[in-house]
Amino acid sequence: MTDFGIATSARHRANSATSGTPHYLSPEAVHGTGTSSASDIYALGLVIFECLTGIKAFPGPALESMVARTLRLPRLPSTVGRRWSVLLHAMTDPEPARRPTAAAVGRALKRIAR
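Counting of residues starts from 1 at the beginning of each chain's written sequence and follows it residue by residue. Predicted model: local features are reported for residues with pLDDT of at least 70 only, side-chain atom pairs are reported and counted for 80 or more only, and whole-chain, interface and lining totals are derived from all residues. In computing side-chain values, all of the structure's heavy atoms are included and hydrogens and water are not.

## Looking at the overall build of the chain
Rule in force here: Every helix listed is a DSSP run of H or I at least four residues long, and every strand listed is a run of E at least two residues long, numbered separately from the N terminus. Exposure is judged per residue with a 1.4 Å probe applied to protein chains only, and the accessible area is read against the type maximum: over 50% gives exposed, under 20% gives buried, and values in between give partly exposed. Exposure was quantified through the Shrake-Rupley algorithm and a 1.4 Å probe, taking into account, for residues, occlusion by the shown protein chains and nothing else.
When you go through the chain residue by residue, the secondary structure sums to five helices and zero strands. Ordering the α and β elements of the chain from the N terminus gives α-α-α-α-α. Per-residue burial for the chain yields a buried fraction of 33% across its 114 residues. As presented, the chain carries roughly 6,900 Å² of accessible surface, and 57% of it is formed by carbon and sulfur atoms.

If you want it as structure tokens, here you go:
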């Protein structure tokens, strides 16, 4: 798994199979049930959320933040436009299989940028 808060090299690996910044871990990473590219889509969705709103989707201490995302979806402020809202809800879907692929996210971002 890749997380925006951690970098590893071939010589240095993280101490656990799931590592990263707690505020951006996907629900499956929090549960320790395995991660995939869908986990990265989730993390990117949380980063975009924070860029658009100036706040973390799941604020608070790391443990509280991790538990919150296993229980609910991020609450987008009404100031977030519809296109962004649709994309972010898809990217942060609790079910990894329902999240868009990286290619689909790229296409959506191009449409939003128009």
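## A word on the pattern of salt bridges
Rule in force here: The rule for a salt bridge is simple: a side-chain nitrogen of Lys or Arg has to be within 4 Å of a carboxyl oxygen of Asp or Glu.
Under the counting rule described, the total for this entry stands at three salt bridges. A salt bridge links Lys56 to Glu50, with the shortest nitrogen-to-oxygen separation between them at 3.6 Å. In this structure, Arg98 and Asp93 form a salt bridge, with 3.0 Å as the shortest nitrogen-oxygen distance.

## Considering helix H2 (residues 37-53)
Going by this rule: Helix span, expected: 1.5 Å multiplied by one less than the number of residues in the helix. By definition in these notes, contact holds between two residues if any of their heavy atoms fall within 4.5 Å.
Between its first and last C-alpha atoms H2 spans 24 Å; for 17 residues at 1.5 Å apiece the expected length is 24 Å, and the two agree. Listing the buried residues of H2 in full gives Ala38, Ser39, Ile41, Tyr42, Ala43, Gly45, Leu46, Ile48 and Phe49. On its buried face, H2 is in contact with helix H1 (27-31), helix H3 (62-71), helix H4 (82-91) and helix H5 (102-113). Once H2 ends, the next one or two residues include Gly54, with phi positive near 80°.

## Some words on the packing of H2 against H4
So the rule is basically this: Lines fitted to C-alpha atoms define the axes here, with helix axes fitted over just the stretch in contact, and angles between the N-to-C directions of these axes take values from 0 to 180 degrees. It is the rotation of the near helix from the far one that decides the hand of a crossing: anticlockwise by less than a right angle makes it left-handed, clockwise makes it right-handed. Note on residue categories: nonpolar means Ala, Val, Leu, Ile, Met, Phe, Trp, Tyr, Cys or Pro, charged means Asp, Glu, Lys or Arg, and polar means any other residue, Gly included.
Two elements in contact, H2 and H4, have axes whose closest approach is 8 Å; the angle formed by their N-to-C orientations is 145°. Here H2 runs over H4; the crossing is left-handed. Only Trp84, Leu88 and Met91 of H4 make contact with H2, whose side of the interface consists of Ile41, Tyr42, Leu44, Gly45, Ile48, Phe49 and Leu52. Of the residues contributing to the contact of H2 with H4, the split by class is nine nonpolar, one polar and no charged.

## As for the packing of H4 against H5
Our working rule: Angles below 35 degrees are treated as roughly parallel, those above 145 as roughly antiparallel, those between 65 and 115 as roughly perpendicular, and all remaining angles as oblique.
As a packed pair, H4 and H5 sit with axes 10 Å apart at the nearest point and diverge in direction by 165°. Here H4 is positioned roughly antiparallel relative to H5, judged by the angle of their axes. Seen from above, H4 lies across H5 with left-handed handedness. Contacts between H4 and H5 involve Arg83, Trp84, Leu87 and Met91 from the former and Val105, Ala108, Leu109, Arg111 and Ile112 from the latter. A per-class count over the contact of H4 with H5 returns seven nonpolar, no polar and two charged.

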